[in-house]
Structure formats: structure tokens, C-alpha cells
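Secondary and tertiary structure notes
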Amino acid sequence: MQKIRAVESMASLPSPMSISIWWNGGSILGLILGLQIVTGLFLSMHYTADLTNTFNSVIHIVRDTPSGWVFRGLHANGASFFFVFMYLHIGRGLYYQSYITQPRTWMVGTTILLVSMAVAFLGYVLPWGQMSFWGATVITNLLSAVPYLGSSIVEWVWGGFAVGQSTLNRFFSLHFILPFLIAGLSALHLLFLHEKGSTNPLGETSHVSKISFHPYFSWKDAVGFIVMFSFLVLVSFFYPSLLGDPENFMMANPMVTPTHIQPEWYFLFAYAILRSIPSKLGGVLALVASVVVLYVLPVASLKCAVPSTFTPPYQVVFWVFIVIFILLTWLGACPIEEPYLTLAGPATVLYFLMLGVLTAMPIMWKKVLS
């Protein structure tokens, strides 16, 4: 009875009339998260976390296990789709300044982003291909930049003196369990969201212009599900390796280093920021700050309750920031040579500068109005 009442209350949730297709991102992310957990569960039944058999177990899943190629394709490409919609979701929140009216929701959402990045990195290591192994080696080595304790932390993460069996075991365990933490954080995200209700393009807070969530927006979400799933199936069935790295088709070999080591595409912007700074510690701090800076937005705008979305300067700065983000993603995939290294420095500065300007604009707009 209580479950029925909970469903009814969600279906009758007052929602702003003006919300557009950009508000479909949250529900689509929930669907993809559920799909990742289910496909991951079935893949784990045939996966072997053993250095001698890990790579072959992935091949066995794809070639020999009934429908294994379907689950592997949906899981591998589902991660990319998850980050596509997560970045769109964050971009929508930045554009409409959701962090001003929903600070706690924004904070939890940023935490979900950080945990999702960790889960994606752990999962990328599991196939034990060349790029998986060397990506794990490079990224975990960044922890050695921590003063005094760096080397000890790296050995503790590895479970030895190099990336090996212990590393694979713990990465597999964490990759399996952390998605359930993301699911819990998503529930908390929704709880905070429903306290004040969803934001909207017009920035209205009145309940006068709100309508019931069902059927007006539930059907819109259903259409979003169908479109997203159609594209996911298209990529997974016909172009399953489109978003992967060719190096990962070779078994991990500690004696042969790939010519160009790079992470998955959704980490490339942070990787470019890391490479743009000559100092190892400075690069690691900038890498962490590139994501953690999102926590600062609601804190900096704590006393500002008036979004400045409709001001042309804000829109210009926002789209400049998007261009810089795309540029950094491209630079992260480029070789470590000129002119890419020279371009990465100014792009990194502009990345943080644009975020700072976006943070300051609502406060400046409030002063203009007052």
C-alpha cells in the first residue's frame, strides 16, 4: 500500500510547464545506470579476474557465451552514453544555474560525477588490454605526487610493486560494488530535488504554473528512453568498437609501452589539463580541481537567489566554456608534441577562468538589479 502511494505521489509531482527536453537527461541517466548494473551482473558471471585468463575470458564472453556480445557491447558503450548524458545534464544545470536554487542537489550530483569517473576508470582496466594496463599504470602513478606518502599510497593501491593480480582483484571488486553507491546517491539526488521541485528555463519558483508529472512528462521521458536506447543499440550492434581504443585488442604486455597512452574520451579534457602543467604535483592538483571546482559554484553563489541566465554576457561566457571543454577533449587525444602542448596551457587557464566568471556573474547580476 505504501509503495502504491509512493508511486502515485511521484506521478502527481507538480512540475513546471516550461521544462524542455533538456530535463530528460536525469531520467535517461537513471535508465542507463540500471542497464549498466544489470549487464555488469551478467558479465561478472563469466569474467575471470586472473592475469593469465582475464583477456581470454573477455574474448570468451564475446565469442562463446550466448548473447555475450550483446551484454558486452551494451555495457561498454553504455558507459560512454552515460557520460554523454551526464555532461549534457551538468551543462544544462550550468546554463540555467540550477546550483543557485538547488545547491544540495548540485552537490550530490557532483559527487555522483566523481564516483562515476572512478567506476569508469576501474572498469576500463578490467579487459586487461594494452591500453587498460598502461592506463592503470599511468593514472595510479599520479598518486605518487602526494608529498611524503605518495610512493606508499601507490604501492597500497597496487597491492604490490607494480600493477598486477592484486590490483586487478581490488579493481574488479570496487567496480562491482560502487555502482550501488551511485544508485544510493541518485536516490538522495532525487530526494533533494523533490524538496523544492525541478528548475525550469524561465526560472519560476511559483507553483501556479505547475502541472502533474504524469502524463505530461512521463510520456516525454518514455520518448527519450526509446530514442536513447535506439542509438545505444545501433552503436552496440553495428559499431561496438567505435568508441574503444585499438590497443585494447592486444593483451596487456608490461614490456611493450603503447606509442600514445590515453584514457577514454570522457576523461580527455582532464587529461589535457594534467599534461598542460610541467609540474607533476601541479598537474595532479589541476586535474582534481577541474572536477572538484563544481562544488564551489553553489557555495560562491550562496547569497544569490536571482539567476542571470537571460543576460547575453552569461550566455556568451557559457558557450565559450563549452568550446574550451571540447578543445581540451580534442587536445587530450592528441600526441604529446607541438603545437598541442602549447595550446593546452592557455586552454586550461581559460577553462578555470570561464568557470570563475560563470560563478561571479549571478552575484554581479544581483548587484545590478539591486
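What counts, and at which threshold
Residues numbered from 1 in each chain as written. Predicted model: local features only at pLDDT ≥ 70, side-chain atom pairs only at ≥ 80, totals over all residues. Heavy atoms only, no water. UniProt positions renumbered as here; feature names shortened; annotations may be inferred. Helix = DSSP H or I, 4+ residues; strand = E, 2+ residues; numbered from the N terminus. Buried < 20%, exposed > 50% of the residue type's maximum accessible area, 1.4 Å probe, protein only. Patch = residues over 30% accessible without salt bridge, like charges linked within 9 Å, V, L, I, M, F, W, Y side chains within 5 Å. Areas by Shrake-Rupley, 256 points an atom, 1.4 Å probe, with all protein chains shown as cover. Salt bridge = Lys/Arg side-chain N within 4 Å of Asp/Glu carboxyl O. Phe/Tyr/Trp six-rings, centres within 6.5 Å; stacked < 30°, edge-to-face > 60°. Contact = heavy atoms within 4.5 Å. Expected span 1.5 Å × (residues − 1). Arc of directions from axis to C-beta. Polar contact = N/O pair within 3.5 Å; in protein donor to acceptor, adjacent residues only side chain to side chain.

- Per an unreviewed UniProt entry, the protein chain goes by the name Cytochrome b and belongs to Salinator rhamphidia.
- For the protein chain, the Subcellular location (unreviewed entry) comment in UniProt is given as "Mitochondrion inner membrane".
- Under Sequence similarities (unreviewed entry), UniProt gives the following word-for-word description of the protein chain: "Belongs to the cytochrome b family."

**Section: the UniProt feature "binding site: a ubiquinone" (unreviewed entry) in the protein chain**
- Cross-referencing UniProt, the feature "binding site: a ubiquinone" (unreviewed entry) maps to His-194 in the present numbering.
- For His-194, the position within the fold is in helix α9 (residues 165–196).
- For His-194, a relative accessible area of 34% puts it in the partly exposed group.

**A word on a nonpolar patch on the surface**
- Taken together, the side chains of Val-62, Trp-69, Val-223, Val-227, Phe-231, Leu-234, Phe-237, Phe-238, Tyr-239, Leu-242 and Leu-243 present a nonpolar region at the surface, about 1,100 Å² in accessible area.
- By residue number, the principal contributor to the nonpolar patch is helix α10 (residues 218–238), which donates six residues.
- Structurally, Phe-238 can be placed in helix α10.
- Residue Phe-238 is classed as exposed on the basis of its relative accessible area of 59%.

**Quick look at the packing of aromatic side chains**
- A complete count under the given rule lists 27 aromatic pairs for this structure.
- Aromatic pair Tyr-87 and Phe-325: ring centres 5.4 Å apart, planes at 75 degrees, arrangement edge-to-face. Taken together, the residues span a long stretch of sequence, with Tyr-87 in helix α4 (residues 68–95) and Phe-325 in helix α14 (residues 312–333) at a distance of 238 residues.
- We classify Tyr-87 as buried; its relative accessible area is 16%.
- Ring-pair connections join several aromatic residues into one group, and the members of that group are Phe-82, Phe-83, Tyr-87, Trp-265, Tyr-266, Phe-267, Phe-269, Phe-321, Phe-325, Tyr-351 and Phe-352.

**Describing the side chain of His-75**
- By secondary structure assignment, the location of His-75 is in helix α4.
- Once residues lying within four places of it in the same chain are set aside, the contact partners of His-75 are Gln-36, Thr-39, Gly-40, Leu-43 and His-175.

**Comments concerning unusual backbone geometry**
- Glu-338 connects to Pro-339 through a cis peptide bond whose omega is 5 degrees.
- Tracing the sequence through the fold places Pro-339 in the loop between α14 and α15 (340–369).
- With a phi angle near 60 degrees, Ser-67 is a residue other than glycine that sits in the positive phi range.
- A positive phi angle, close to 55 degrees, is found at Gln-97, a residue other than glycine.
- Within the element layout of this structure, Gln-97 appears in the loop between α4 and α5 (98–101).
- Assessed through its relative accessible area of 1%, Gln-97 is described here as buried.

**Some words on helix α12 (residues 280–292)**
- The end-to-end C-alpha distance of α12 is 18 Å, a good match for the 18 Å that 13 residues give at a rise of 1.5 Å each.
- Considered for burial, the residues of α12 that qualify are Gly-283, Val-284, Ala-286, Ser-290 and Val-291. The buried residues of α12 occupy an angular sector of 160 degrees when projected down its axis, which confines them to one face.
- One side-chain oxygen at the N-terminal end of α12 lies 3.2 Å from the backbone nitrogen of Gly-282; it belongs to Ser-279.

**Some details on the environment of Thr-48**
- Relative to the helices and strands, Thr-48 resides in the loop between α2 (25–44) and α3 (54–63).
- For the pair Thr-48 and Asn-169, spaced 121 residues apart in sequence, the C-alpha to C-alpha distance is 9.7 Å.
- Setting aside residues no more than four positions away along its own chain, Thr-48 makes contact with Asn-53, Thr-54 and Ser-57.

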